[in-house]
Every structure is written in structure tokens, then in C-alpha cells.
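Examining the three-dimensional arrangement
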Amino acid sequence: MRRMDLTHKPRFAATLLRRLWAFACLLALLIQYGCEQEKVTEDEAEMRAIFAKARELDAQGEYHKAMVHYETILARHPNWMSTRLNAAMAAYDSGQYSKAVGHFELLHKYGPKDWFVIRKLIQCHEHLKNDEKVEEYRKKLHQLREQKDGSLLLKRYQGYTRDYIPVGTNHVIGYEFFDYKKHGRLWYFKLEDHHRAAISGFLVEASPFFSAEGHRIFYISEALPGWLRVWHVGPLPTQRDGERDYTWAKKFIFEILQGARQPLVVKPLPQDLQLLDVPDLPGSHPQGQDIEAEPELPKE
């Protein structure tokens, strides 16, 4: 028995050593594979460097240069949608609305229910004065809001940014209300400084009254610290499809800002009195990017 034990022990030891060696080899291979997986390719390293530079240019307000960097990445990787969104926003912020439309339309093609993109398309086409496209995307946005399984965030908002127009060192944000037939408020034009501090606000709303010709009477009122001004009492023009003419209202507001119109009524008010009944509508990014829809969107 002892001899048998002595003859089998070396075999057992050899078997154990072989198994340990195989396990060690496998472990080494796995470690090597993991390291190789973590290695950044030369192309990826270059793309990361270009993207980092683009973000830096964005932060400095160099939107055109940032867009060029984003598009350099897209030339090699056209399916990188987050980069395309950044390129679209940089194009928009640099005033290149046609180029922004190209990027946003591609994003819309791959994400037809992304309402942030639809709103940006509305804003681009407003700048380009493509009225038919504005109406097309407005209808899509309203349809998305009416869907039962649609975005709860979209359903929660009472309005959306339709326009963003620089005015010297300030800007005007044009909001459009969704359910204007329920409460009578159509648009709200908010004048802000470059720090996003409100300077003045213009509300376009329907009254319960009609003219002698049977046309609905609308008001355009302005609220600013310490004052209320009424600028318009009367009908609003309509477009071909019967919708009230947003372009007319926007033009009217800018005529006020340019000093081309006189108020009908001016009334002093307490400084802290909030007279116009406007729901809290989120603001916009200082560079023009809206943040009311997707505050976590890369780039807001």
C-alpha cells in the first residue's frame, strides 16, 4: 500500500500543477484581453481631442468654429448622433440656420418623436421664413402632445419656444401656448438681457368681445417693473389656414421695441406686482439653446 501511495503522489502533483498552469495562462489571457479592450484606438483618440476642442470653442461662444470641429468628426462618423446634435446647435447658435436644418432634419429622421428636435426645426424655419415648414412641424409637435402614450414632460408644458431673436445685446424669446383655445393666450414675447434677466414681457391674448363686424378682439399688453402698457386692442390678422398670424404679431412687437408705435394706455403699478397672468414658462440658454425640454441634452 505504501508503494502504491508513493507511485501515485507524483501523478497527482503533476496533474495539479498542469491545472494551475492552465488557469494561470487563462487568467493572463483575460487580463491581456481586458487591457486591449481598454486601449483607445488612434482614430478614437483623435476624435476625442477634436470633440474636446469643439466643446471649448462652444463655451467661448465661437460657435462657427465649434461647428466646423463637430462636422470634422461627422465626416468620418456620420452616425454619431450626439455629435450631430452638437453640430446642429452650434450651427443654430452661429446663425447658420440652413445648415442647422440639415443636421436637425437628419436627427428627426432617426428620431421622429424627439420633440426637442422638432422645436428646433420650428425655430430654424422661423428664421428662414419658411412658413409652410413652420406649420408642418408645429402640427407634428401638437400631435405628439396629444398622443396618449406621448412624453409626459411635453404634456406638462403649457408652451414652447417658437422663436429666439437677438436684439442688440439683448434677445427676444417668442413663446407659443399649446391650448390657446382654452385660455385665450396665444403668444408671449419676453425681452431679456444677456444674463437672462427679464426686461419686459408682451402677452397676446383674446378678449371675450367682438367688433361690430363680428371679429374677435385681442389685446397686446406689456408688463415691466412698475408699469402696464396696452399696445393693441382689436382683431388679429389670420393666415390662409385660419390660424392667427404669428408673423404679424412678432413684427408688431419689434415695431414697439424700435419706437415705431405708441401705447394706447400707460398705467403705473407697484414694482413687485405681477399683473399679466402668464404661466411659468422655462427660459432659454444664453446662446439661444432652449433648455425647457431636455435640460440634460449634450452641448443647452
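What counts, and where the lines are drawn
- For every chain, the first residue of its written sequence is number 1, and the numbers climb from 1 along that sequence.
- Local features are withheld for residues below a pLDDT of 70 in this predicted model, meaning they are given only at 70 or higher, and side-chain atom pairs are given and counted only at 80 or more; totals for whole chains, interfaces and linings count all residues.
- Note that the side-chain values use all heavy atoms of the structure and ignore hydrogens as well as water.
- Pairing between strands requires that DSSP locate at least two bridges from one strand to the other.
- Helix and strand definitions here come from DSSP, where helices need a minimum of 4 consecutive H or I residues and strands a minimum of 2 consecutive E residues; each element is numbered from the N-terminal end.
- Whenever a helix is involved, its axis is fitted only over the stretch in contact; in every case the axis is a line through C-alpha atoms, and angles between N-to-C directions fall within 0 to 180 degrees.
- Here, two residues are considered to be in contact whenever any of their heavy atoms come within 4.5 Å of each other.
- For classification, angles of less than 35 degrees are called roughly parallel, those exceeding 145 degrees roughly antiparallel, those between 65 and 115 degrees roughly perpendicular, and all remaining angles oblique.
- Crossings are sorted by hand: turned counterclockwise from the far helix by less than a right angle, the near helix makes the crossing left-handed, and turned clockwise it makes it right-handed.
- Gly is placed with the polar residues, together with every amino acid not listed as nonpolar (Ala, Val, Leu, Ile, Met, Phe, Trp, Tyr, Cys and Pro) or charged (Asp, Glu, Lys and Arg).
- A pairing counts as a salt bridge when a side-chain nitrogen of Lys or Arg comes within 4 Å of a carboxyl oxygen of Asp or Glu.
- Three labels apply to residues, based on accessible area from a 1.4 Å probe with only protein chains included: buried if under 20% of the type maximum, exposed if over 50%, partly exposed otherwise in between.

1. A closer look at the sheet that holds strand β7 (residues 265-268)
In space, the 7 strands of this open sheet follow the order β1-β2-β3-β4-β5-β6-β7, with antiparallel pairing throughout. The open sheet terminates on both sides in strands that have one partner only, identified here as β1 (159-167) and β7. Each adjacent strand pair in this sheet contributes to an overall mean axis angle of 20 degrees, direction not counted. Of the strand pairs in this sheet, strand β4 (residues 198-210) and strand β5 (residues 216-224) are connected by 7 bridges, and their pairing is antiparallel. Bridge pairing in β5 places Phe210 opposite Arg216. With respect to the sheet, helix α7 (residues 131-146) is in contact with β1 and β2 (170-177), its orientation differing from that of β1 by roughly 145 degrees. Those strands touched by helix α10 (residues 246-257) are β1, β2, β3 (185-192), β4, β5 and β6 (227-234), and its axis lies near 35 degrees from that of β3.

2. Describing the packing of helix α4 (residues 81-93) against helix α6 (residues 115-128)
Each pair of packed helices gets described by two things: the angle between the helix axes and the distance between those axes. At a closest axis distance of 12 Å, the pairing of α4 and α6 adopts a crossing angle of 30 degrees. Taken together, the axes of α4 and α6 lie roughly parallel to each other. Of the two elements, α4 crosses α6, and the hand of that crossing is left-handed. Residues Leu85, Met89 and Tyr92 of α4 pack against Phe116, Lys120, Gln123, Cys124 and His127 of α6. Among the residues forming the contact of α4 with α6, the class breakdown is 5 nonpolar, 2 polar and 1 charged.

3. Observations regarding the pattern of salt bridges
Pairing between side chains of opposite charge can happen when their charged atoms approach one another. Counted according to the given criterion, the structure contains 19 salt bridges. Here Glu176 and Arg162 are joined by a salt bridge, their closest N and O atoms 2.4 Å apart. With Glu176 in strand β2 and Arg162 in strand β1, this residue pair connects regions lying 14 residues apart in the sequence. In this structure Glu176 comes out as buried when scored by relative accessible area, which is 3%. Between Asp163 and Lys250 there is a salt bridge, with the nearest N and O atoms lying 2.9 Å from each other. With Asp163 in strand β1 and Lys250 in helix α10, the pair connects residues that are 87 residues apart, well separated along the chain. The pair Asp163 / Lys250 is uniform in exposure class, with both members buried. A cluster of three or more residues bridged by salt bridges with shared partners is formed by Glu126, Glu135, Arg138, Arg162, Asp163, Glu176, Glu243 and Lys250.

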